[in-house]
Structure formats: structure tokens, C-alpha cells
Amino acid sequence: MVAADGSGARVFRAANRIANLPPYLFAEADRRIAAKRAAGFDVVSLGIGDPDLPTPDYIVGELKRTAEIPANHRYPDYYGLPELRKAVASWYQKRFGVELHPDNEVVPLIGSKEGIFNIALAYIDPGDVALVPDPGYPVYSIGTMLAGGTAHYMPLLEENDFLPDLDAIPASVLEKARVLWINYPNNPTSAIAPMEFFEKVIAFANQHNLLVCHDNAYSDVCYDGYVAPSFLQLPGAKEVGVEFHSLSKTYNMTGWRIGMMVGNGSAVSALGRVKTNVDSGIFQAVQYAGITALTGDQSWLPDRNLIYQRRRDYVLSVLREIGIHAPTPRASLYIWARVPKQYTSLEFSLKLLDELAVWVTPGVGFGPSGEGWFRISVTTPDDRLDEAMQRLKSLK
Ligand SMILES: Cc1ncc(COP(=O)(O)O)c(C=O)c1O
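Residues numbered from 1 in each chain as written. Predicted model: local features only at pLDDT ≥ 70, side-chain atom pairs only at ≥ 80, totals over all residues. Heavy atoms only, no water.

Colleague: Hey, could you run me through the site of the ligand in this one?
Modeller: Not every one of the 15 residues close to the ligand is listed here, only the nearest: Asp215, Tyr218, Ser246, Ser248 and Lys249. Within the side chain of Ser112, an N or O atom sits 2.8 Å from an oxygen atom of the ligand. Between the ligand and Ser246, the relevant distance is 2.6 Å, taken from an oxygen atom to a side-chain nitrogen or oxygen of the residue. Burial of the ligand by the surrounding chains reaches 91%, relative to a free accessible area of 400 Å². In terms of residue count, the dominant contributor to the shell around the ligand is helix α5 (residues 112-123) (three residues). Tallied by class, residues from the shell around the ligand come to five nonpolar, six polar and four charged. (Near = heavy atom within 4 Å. Polar contact = N/O pair within 3.5 Å; in protein donor to acceptor, adjacent residues only side chain to side chain. Areas by Shrake-Rupley, 256 points an atom, 1.4 Å probe, with all protein chains shown as cover. Helix = DSSP H or I, 4+ residues; strand = E, 2+ residues; numbered from the N terminus. Nonpolar A, V, L, I, M, F, W, Y, C, P; charged D, E, K, R; others polar.)

Okay, here's the thing in C-alpha cells:
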């Protein structure tokens, strides 16, 4: 077949593994936003969870310094600098009281997304199932599917405080299940989990021989005095699980691509085996900057979180003024809000885009149980957020 654009370029048949992926809702949204902008509208996007505040100077300074050193221009170590693994272990000790062996229980990642995808290659064979939250960060299910497995959705409902009902998973699914994904503080619902839930997860994983993958990307974006725990704080957690973490949201470093998976030694080693075959690690200067982030001054984090908290309160006050229900988040970068009854989540997002030039993420983009909800991110600068809120107030 030849491309329809008249270039004469051949179009090759894509592998079934990508041809069978569900349509990517956000690609269509991007197209609509671009079209609206091209038509001259000043679109305010509240869609992405990408900190607008810069990475602090002392971290950028360490990157500049270490980027000048020729040894750092070469291929990095597969398993990351030993100093980085040590810095991760000591951060876990200080922040959560969790003991990790830097050589066997820590693997640095090129952003946590990379590891969240690659762990599926380590544990999912065709026919295997991964239990994934719905709504949830899409990579849990897409990684599973690209590895040839099937994602079983666990609905996160408001009446259950957005925690999955593990007892509702059918026995036939559990027989094939290898991995259980959880994520608290949660994207997109912003929910937090009590320790009793994590205890239940550990017992359940032991009972059904599941690897627990806890995604803790938002542990350090908390409000109202809440301090998010690590799953690994619980006795027995390391026996059944790992935790994915990232410098992205904690230190305003999304673009740098640096994260880690920690915990169960056999899973760390399995992921390491996949990674040595598919990537060549993190640019060493970024690793040094990461060490500085983890071991340096942490005193600015509460003030940064207060900025998000103030934005959160502002958005919630406007939503309440216009009659939209939204629980008050105690962590994460998001407000998860109810779509007015007469619309689907996609219809409502497109209505806001068409009528107000404001983009919010339709909940259905995170899974079928996201229907009826939309997500607002507080990572938009104050003046743009204010502009979006003024427009929302005029919603008919
Ligand atoms: C829940 C969750 N996990 C993981 C990630 C990936 O973060 P990164 O790859 O930047 O570490 C994100 C990014 O938005 C996320 O929302």
C-alpha cells in the first residue's frame, strides 16, 4: 500500500500488537486543541500533570557542572551509578523509614514510565493477566497488552473511596493473574489509601501469588498536612512487591527522565535483565543531578506544595460555585470532578473546548470507570488558571 498523502511512500502492515491497541483518545483531543488554536482561540489547557514550576537552581547547577566532565559523555553503567542507588536507598530511609539494599533492591529508571512498561516484559506472558485500576495511568494496561497479556480492570468508585474491591475479582481471572497494580496517591482520582488497604493487598498477593506493583509517583505532593506513606513501610511488603517512584513530580523534573523501582530483589533483578537488553541507562550528568535532588535541600517542598494547594482551593471554589461536585484531594496534582449528568465525559470536555477554549481531560481516557468524571491539573501558572476559571464561571 502507498501513503494517501501522495508522497509515494510505502505503508507497512503494523504488528498486531500495536494494531490491536485501543484508540488513543488523547491523540484525537490533541488534534481538536490544535485546530482550535489554529482558528485563533487562546486555549487554556488544564489537561496535563506537568509541573509549570522550574527545577530548582541547585539541581540544574549540578547538571551543568557534571555535563562538562568528559567521563559523563560515555555510555552510563547499566544499573546506574552506585552513588545514585545509594542516594535512592538513603532517601527511602529518611523519607519513609524503609531499608533498601542499594545493589539488590534499587534499579534506576529513565523515568518511572519506562519501568512501568518494562516490568510487563519481565512478568507477563501471552495469556497472563495484570490487575489494573480503572480509571488509571494508561501505561499499566498498555504495557500489559504490548507484552501479550490482558488487563483486568478493577473499578475505582467514589462509594469505595476509589479503592479497588479485591474480593470482587473473579476466581477465573485470579488464576491467570501475575501482577497487581495499585497507585496511591492516585492518578487520576487523587485518592489516598489507608494503611489497612495496603495490609489487605499484601495478604491478597500472598494468597494469589501476585507481584504487587505500587506506583508512588505523587508521594511528595501532599496537602493539609497529609504525608503519604510508601507501600514498602508495611511488614511483608518487600516479600510480595515493588514500588515505582520518580523525581518528576517531587522535584519538578518531568523532562529529565529519572526514576526508580525499589523493593523485592528478584523483581529488581528481572527488570534489570530486561533493561540491560533494551536501553543503556540514564545520561550520567542527569544521574548526578538526581543525587543532588535526593540528598540536597528538601526545605522548599512544603512551599511548593502550598502553591498547588492554593490552586486546588481556587479550582474547588469555582467548581462548587457552578454546581460541579469534586472531592477535596489531599495529594497529587489533580482534581477529579463529576461531569454534569446530561453529558458524557468526552462530550463535556469538547463542550468546554468549543465554547470556552478550556481543555480538561475526559475521565473515560483513563478507563471505562472514568466515565462521568473529568480531571483538572493544577500545574498551570496562576494567571492562566485564573483565566480558565473566569471562563468556567460563564458556563451555560
Ligand atoms: C501515576 C503515574 N505514574 C507514573 C508516571 C510517569 O512519570 P515519569 O515517567 O515522569 O516518572 C505518571 C506521569 O504522569 C503518573 O501520573
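What follows continues from the structure just given.
Colleague: It is not clear to me how helix α3 (residues 57-67) should be interpreted in this structure. Could you clarify?
Modeller: Since the α-helix turns once every 3.6 residues, residues separated by three or four places project in the same direction. When α3 is considered as a whole, its buried residues turn out to be Ile59, Glu62 and Thr66. Projected onto a plane normal to the axis of α3, the buried residues spread over an arc of 55 degrees and lie on a single side. Opposite its buried face, α3 presents the exposed residues Asp57 and Lys64, each directed more than 90 degrees away. On its buried face, α3 is in contact with α11 (284-295). (Buried < 20%, exposed > 50% of the residue type's maximum accessible area, 1.4 Å probe, protein only. Arc of directions from axis to C-beta. Contact = heavy atoms within 4.5 Å.)

Colleague: Can you walk me through the domain arrangement of the protein chain in this structure?
Modeller: Size of an interface, as often reported, equals the accessible area lost when the parts are brought together. On domain assignment, one finds that the protein chain holds domain 1 (21-50 + 300-393) and domain 2 (57-295). Across the interface of domain 1 and domain 2, roughly 2800 Å² is buried in total on both sides, 57% from carbon and sulfur atoms. Here Asp224 ties to Arg312 by a salt bridge, and the two come within 2.9 Å at their closest N and O atoms. Looking at the side of domain 1 that touches domain 2 residue by residue, the classes come out as 16 nonpolar, nine polar and five charged. (Domains from an automatic or database assignment. Buried area = accessible area lost by both parts, 1.4 Å probe. Salt bridge = Lys/Arg side-chain N within 4 Å of Asp/Glu carboxyl O.)

Colleague: Which parts of the structure should I look at to understand the pattern of salt bridges?
Modeller: As a working rule, side chains carrying opposite charge can pair if their charged atoms are close by. Here the structure, examined in full by the defined rule, presents 17 salt bridges. The residue Asp382 makes a salt bridge to Arg311 at a minimum N-O spacing of 2.8 Å. Of this pair, Asp382 sits in helix α14 (residues 382-393) while Arg311 sits in helix α12 (residues 301-321); the two residues are 71 residues apart in sequence, bridging distant segments of the chain. Take Arg311: its relative accessible area is 4%, and that puts it in the buried class. A salt bridge links Glu355 to Lys351, with the nearest nitrogen and oxygen atoms 3.1 Å apart. Here the residue Glu355 and the residue Lys351 both occupy positions in helix α13 (residues 345-356), the gap between them amounting to four residues, near one helical turn. Under the relative-accessibility criterion, Lys351 is labelled buried at 12%.

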